[in-house]
Amino acid sequence: MDLRYTDEEEQFRTELRAWLESVLPDVGPTPDRSDWPARRAYDSRWQRTLHDAGYAGINWPRDYGGRGASPTEHLIFLEETERARAPYVGMNFVGLLHAGPTLVVEATPEQKEHHLPGILRGDHIWCQGFSEPSAGSDLASLRCRAVRDGDDYVVSGQKIWTSFAHVADYCEMLVRTDTDAPKHRGITWLIMPMDAPGIDVRPLRTMEGSTEFCEMYLDEVRIPVSNRVGNENDGWRVAMVTLSFERGTAFVSEMLDSMELCRELAELARKVTRRGGTAWDDLGLRRELGMLAAELDALWALTRRNISEATRTGLVGAGGNVFKLAYTDLRHRMGDLALRLLDRASLSLDDIGELPTGRHVQGRIHALSMSIAAGTSQVQKNIVAERLLGQPKERGWTSG
Amino acid sequence: MDFWVTDDQVALAEGMRAFVAGRFPAEWLHSVEETDAVLDRTKWRELGDMGVFSLRSDGMGAREATLVYEELGRGLVPGPLVATHLAAELIDGAADGTRIVSMFEPSGGVTMIEHATEVDDLLWFDGHDLRRIDPASLTLDPVGRPLDPLGPVLICLDGLDQVRSNSAVIATGTPVRELSELGVLLTAALQVGVAAAATDLANEYAKGREQFGRPIGSFQAVKHMLAEMFVHADVARAAVRAGGCALDDASDAEPARAVSGAKAVAGHAALFCGKTGIQIHGGMGFTWEVDAQRYWKRAVALDVSFGSTDDHSLAIADMLIRP
Ligand SMILES: Cc1cc2nc3c(=O)[nH]c(=O)nc-3n(C[C@H](O)[C@H](O)[C@H](O)COP(=O)(O)OP(=O)(O)OC[C@H]3O[C@@H](n4cnc5c(N)ncnc54)[C@H](O)[C@@H]3O)c2cc1C
């Protein structure tokens, strides 16, 4: 049990820090949130910059163009990029963290050669077409149909909550290829080019007013059989590979940012006037803030434990679910506190003069999605109780 | 960076768990509860022989100590385990368990001392000084019905100035601060043990107890309570172990913040798991017989020892604004 970094790890950090200092001045300001072409260009350019310096696909194997870094180096990478306020992975998220790693494990050599370099260079944006209107938590009940016709699958159905579908080049799709088999067994994983005829992408407005995710209507979209990853009807297993990548390091940047947010809330509390003094005079508020900071420290420790486990075993075990449950709950409470602190200033989604209202109010809204996306907190609790604590599994709806 | 228990550390914890199960079984705990003398000097020396009080002088660190104390908390081992550990290098006989040392922790005008008439010395963190008090010099009034019968308490009727003049300063300055940080952390380790044990007990009960023709653990409301208990205990464990790294210089975290954070998070976890464990046991949880209530009571006692969750949360808030 040692939280100190080795000399090698520190060396990696030092080089990375120097590199970040050299490139960040040229990155330019983050584009407007609703300017999608500009956002795409910004995210792709940053990914290309990482790629050219050998930092793309930091945890991907070297054979596939990654850096082959250890889980700890991956953590350091996320820590340093956050500290330096470098751009986030942005819309390269699905490609780098879901689809790409799945292809690394499951795809044919041709598929890998065709797709992995584009993801690493930031040339190709991917989206994830898993959820459907009637298949969310119960993902395996998905109905989007794929019928074999010669060398193609003909796909019809509907997908929803597909983040970045309106800018993506490819979609990792789950489709139903056998309607008679038990629900987990009739699913196939396909690579769908987003320019194929028959795809109708309609942006869905989120509660923030943004258009991060979309609905996709698919009408007899032809996808070559050569775009299938894994065997026909074995897509559920392939998808589980993908979902396991969502755990572990997925929230590191965010969590470090939350620690900063917590410090900012303390500063804000010392400025905001209340009842003849400042909000900081309110011991209850101060105690809550202290507790949130303590919990964030604890989650940072948990993250490093999970990373250490991944180093030793290659997997993040129970810690991934524990982290997501605890972190999303914390972000809800922290968001509530921020709104209470802002009081009437919380009524604006944008900054008001010197007040960083935008960051805090948008952060509060963001927390509302965190306990839903990538497995709701209720489903996470089912998983903890059934898989880790050994409670009886419920038939029909379960932890999967 | 390798924040994972080593094989030696696992062996240490397993050894302690087996020792605790063998020497402090539930039947024994339940029987001493009915008497005034909870502490058993033979068993206390056995704890000393196991290195519970001396392990840091034996070449181990705060990290190993947290693993050992988690097991002691899990087993509800009664007595001033933390105070005696802190006294190991200051009071002859504490390290091997021949002297038992408890805490003098005045708070809000009352001073409640656990095991005051069963111990040989008391420690008092009095600002920058650490004082040693002879319990025989105090005017004590026993509490008729202690909340935690495994931790009988007495009220000290003497004023603090009087106690001060009847006590000796045995350490001052930096070593006192370091000992106090260690005390906070080891108490947090006990809390993690309590939280984990309460979770395990409720988890097993939920598998066996049937209602509506099926185990109550198949009801999602119960599953979710269990999952929340597990999450609280696991997060707290990570915080406590990180605190151990901080005190052992195996981390760049500031010790004061790391131990305060561990105490706040573990304190909350123990109280949460304690009460939820009772809820999961239903009416059985409200009986004297079932240990669920013992975990909750111990959680309360530990929360008000070495600074409460509230105290440490406030301390951390102040650290947030320090330049
Ligand atoms: C911001 C955001 C981005 C997303 N991006 C994508 C994406 O890119 N691609 C994609 O495929 N999907 C995406 N999703 C979809 C996401 O995975 C689903 O929303 C999620 O799995 C929940 O499914 P649902 O919305 O159908 O809710 P439902 O499953 O209908 O759940 C509704 C409520 O019922 C509860 N519930 C459901 N089943 C159970 C159960 N068994 N036990 C207890 N409670 C239960 C849930 O916890 C929830 O509170 C995104 C979602 C969000 C919010």
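Residues numbered from 1 in each chain as written. Chains lettered and ligands numbered in written order. Predicted model: local features only at pLDDT ≥ 70, side-chain atom pairs only at ≥ 80, totals over all residues. Heavy atoms only, no water.

## Re the overall build of chain B
Thinking step 1. Tallying secondary structure elements over chain B gives eleven helices and ten strands in all.
Thinking step 2. Expressed along its principal axes, the backbone C-alpha trace of chain B runs to roughly 65 × 50 × 40 Å.
Thinking step 3. Per-residue burial over chain B gives 57% buried out of 323 residues.
Thinking step 4. Summed over its atoms, the accessible surface of chain B is roughly 12,700 Å², and 53% of this surface lies on carbon and sulfur atoms.
Thinking step 5. Side-chain charges of chain B comprise 27 positive and 47 negative groups, with the mean position of each set lying 5 Å from the other. (Helix = DSSP H or I, 4+ residues; strand = E, 2+ residues; numbered from the N terminus. Buried < 20%, exposed > 50% of the residue type's maximum accessible area, 1.4 Å probe, protein only. Areas by Shrake-Rupley, 256 points an atom, 1.4 Å probe, with all protein chains shown as cover. Lys, Arg positive; Asp, Glu negative; His and termini not counted. Charge placed at Lys NZ, Arg CZ, Asp CG, Glu CD.)

## A few points about the interface of chain B and chain A
Thinking step 1. Of the residues lining the interface, 48 residues belong to chain B; the matching set on chain A comes to 51 residues.
Thinking step 2. Together, the buried faces of chain B and chain A total about 4,600 Å²; carbon and sulfur atoms form 66% of this surface.
Thinking step 3. Counting across the chain B and chain A interface gives seven salt bridges.
Thinking step 4. In this structure, Glu228 of chain B and Lys381 of chain A form a salt bridge, with 2.5 Å as the shortest nitrogen-oxygen distance.
Thinking step 5. Connecting chain B to chain A are 21 residue pairs in polar contact (both at pLDDT 80 or more).
Thinking step 6. Looking at the side of chain B that touches chain A, the elements with two or more residues in it are helix H4 (62–74), helix H7 (174–208), strand S10 (214–215), helix H8 (220–247), helix H9 (255–280) and helix H11 (309–320) of chain B.
Thinking step 7. The greatest single-element share of the side of chain B that touches chain A, amounting to 15 residues, is contributed by H8 of chain B.
Thinking step 8. Class assignment for the residues of the side of chain B that touches chain A results in 24 nonpolar, twelve polar and twelve charged. (Contact = heavy atoms within 4.5 Å. Buried area = accessible area lost by both parts, 1.4 Å probe. Salt bridge = Lys/Arg side-chain N within 4 Å of Asp/Glu carboxyl O. Polar contact = N/O pair within 3.5 Å; in protein donor to acceptor, adjacent residues only side chain to side chain. Nonpolar A, V, L, I, M, F, W, Y, C, P; charged D, E, K, R; others polar.)

## Notes on the sheet that holds strand S6 (residues 140–142) of chain B
Residue and element names in this part refer to chain B.
Thinking step 1. Reading across from one edge, S2-S3-S7-S6 is the order of the four strands in this open sheet, with antiparallel pairing throughout. What marks the edges here is a single partner per strand, and that holds for strand S2 (106–107) and S6.
Thinking step 2. The pairing of strand S3 (residues 110–114) with strand S7 (residues 153–156) spans three bridges and is classified as antiparallel. Bridged to Met112 within S7 is Ile155. (Pairing = 2+ DSSP bridges.)

## Overview of the pairing of strand S4 (residues 121–126) of chain B
Both faces of the sheet carry side chains from a regular strand, because those side chains alternate between them.
Thinking step 1. Within S4 of chain B, five of the six residues are buried, which leaves the element mostly enclosed by the surrounding structure.
Thinking step 2. From the end of S4 of chain B to the start of strand S5 (residues 129–133) of chain B, which pair antiparallel, there are two residues, and Gly127 of chain B there has a positive phi angle of about 65 degrees.

## Here's the deal with the side chain of His115 of chain B
Residue and element names in this part refer to chain B.
Thinking step 1. Of note, His115 is situated in the loop between S3 and S4.
Thinking step 2. Residue class for His115 comes out buried when judged on its relative accessible area of 2%.
Thinking step 3. Setting aside residues up to four positions removed in sequence, His115 forms contacts with Val38, Leu39, Gly79, Pro80, Leu150, Gly151, Pro152 and Leu154.

## A closer look at the pattern of salt bridges
Thinking step 1. By the definition in use, this model includes 58 salt bridges over all chains.
Thinking step 2. One salt bridge connects Asp52 of chain A with Arg48 of chain A, and the closest N-O pair in it is separated by 3.3 Å. In this pair, Asp52 of chain A and Arg48 of chain A are both assigned in helix H2 (residues 36–52), four residues apart and thus about one turn of the helix distant.
Thinking step 3. Notably, a salt bridge pairs Asp126 of chain B with Arg131 of chain B, separated by 2.9 Å at the nearest N-O pair. A single burial state applies to Asp126 of chain B and to Arg131 of chain B, both of which are buried.
Thinking step 4. Each of Glu10, Arg13, Arg17, Glu79, Glu80 and Arg83 of chain A takes part in salt bridges that share partners, so that together they form one network.

## Looking at empty space enclosed by the protein
Residues and elements named next belong to chain A.
Thinking step 1. Taken as a whole and assessed by the stated rule, the structure comprises two cavities of 30 Å³ or more.
Thinking step 2. If you add up the space inside the largest cavity, you get close to 50 Å³.
Thinking step 3. As for the largest cavity, its lining consists of Leu261, Leu265, Arg331, Met334, Gly335, Ala338, His360, Gly363 and Arg364.
Thinking step 4. Looking at the lining of the largest cavity, the elements with two or more residues in it are helix H7 (252–271), helix H9 (319–342) and helix H10 (357–370). (1 Å grid on protein atoms, 1.4 Å probe; cavity = no way out; pocket = protein on both sides within 12 Å on 5 of 7 lines; lining within 4 Å. Points joined across faces, edges and corners; volume = space filled by probe spheres on them.)

## Quick look at the nonpolar core
General note: in soluble globular proteins, nonpolar side chains tend to be found buried as a group.
Thinking step 1. Among the nonpolar cores identified, the biggest contains 164 residues, and Leu47, Tyr69 and Leu72 of chain B are the most heavily contacted of them.
Thinking step 2. With 16 residues, H7 of chain B is the single largest residue contributor to this core.
Thinking step 3. Of the domains in this structure, domain 1 (7–88) and domain 3 (247–388) of chain A are the two that each give at least three residues to this core.
Thinking step 4. Excluding its chain neighbours within four sequence positions, the residues that come into contact with Tyr69 of chain B are Val52, Phe53, Leu81, Val82, His85, Leu186, Ala189 and Leu190 of chain B. (Core = buried A, V, L, I, M, F, W, Y, C linked by side-chain atoms within 4.5 Å. Domains from an automatic or database assignment.)

## Remarks on H10 of chain A
Residues and elements named next belong to chain A.
Thinking step 1. Counted at 1.5 Å a residue, the expected span for H10 with its 14 residues is 20 Å, and the 20 Å between its end C-alpha atoms agrees.
Thinking step 2. Among the residues making up H10, those that are buried are Thr357, Gly358, His360, Val361, Gly363, Arg364, Ile365, Ala367 and Met370.
Thinking step 3. Along its buried surface, H10 packs onto H7 and H9. (Expected span 1.5 Å × (residues − 1).)

## A closer look at unusual backbone geometry
All names here are of chain A.
Thinking step 1. Non-glycine residue Asn233 carries a positive phi angle of around 70 degrees.
Thinking step 2. Here Asn233 shows up in the loop between strand S8 (228–229) and helix H6 (235–244).
Thinking step 3. Exposure remark for Asn233: the relative accessible area of 24% places this residue in the partly exposed category.

## Focus: helix H1 (residues 7–23) of chain B
Thinking step 1. For H1 of chain B, built from 17 residues, the straight-helix expectation of 24 Å at 1.5 Å per residue is met to within 8% by its first-to-last C-alpha distance of 24 Å.
Thinking step 2. Check the buried side of H1 of chain B and you find it contacts helix H3 (41–49) and H4 of chain B.

## Some remarks on the site of the ligand
Thinking step 1. Every one of the 18 residues lining the ligand counts as a neighbour, but Gln128, Ser137, Trp161 and Thr376 of chain A together with Gln220 of chain B are closest to it.
Thinking step 2. In this structure the ligand sits where residues from chains A and B come together.
Thinking step 3. Backbone polar atom of Phe130 of chain A to an oxygen atom of the ligand: 3.0 Å apart, as the coordinates give it.
Thinking step 4. Residue Gln378 of chain A places a side-chain N or O atom 2.8 Å away from an oxygen atom belonging to the ligand.
Thinking step 5. The fraction of the free accessible surface of the ligand (960 Å²) that becomes covered by protein chains is 68%. (Near = heavy atom within 4 Å.)

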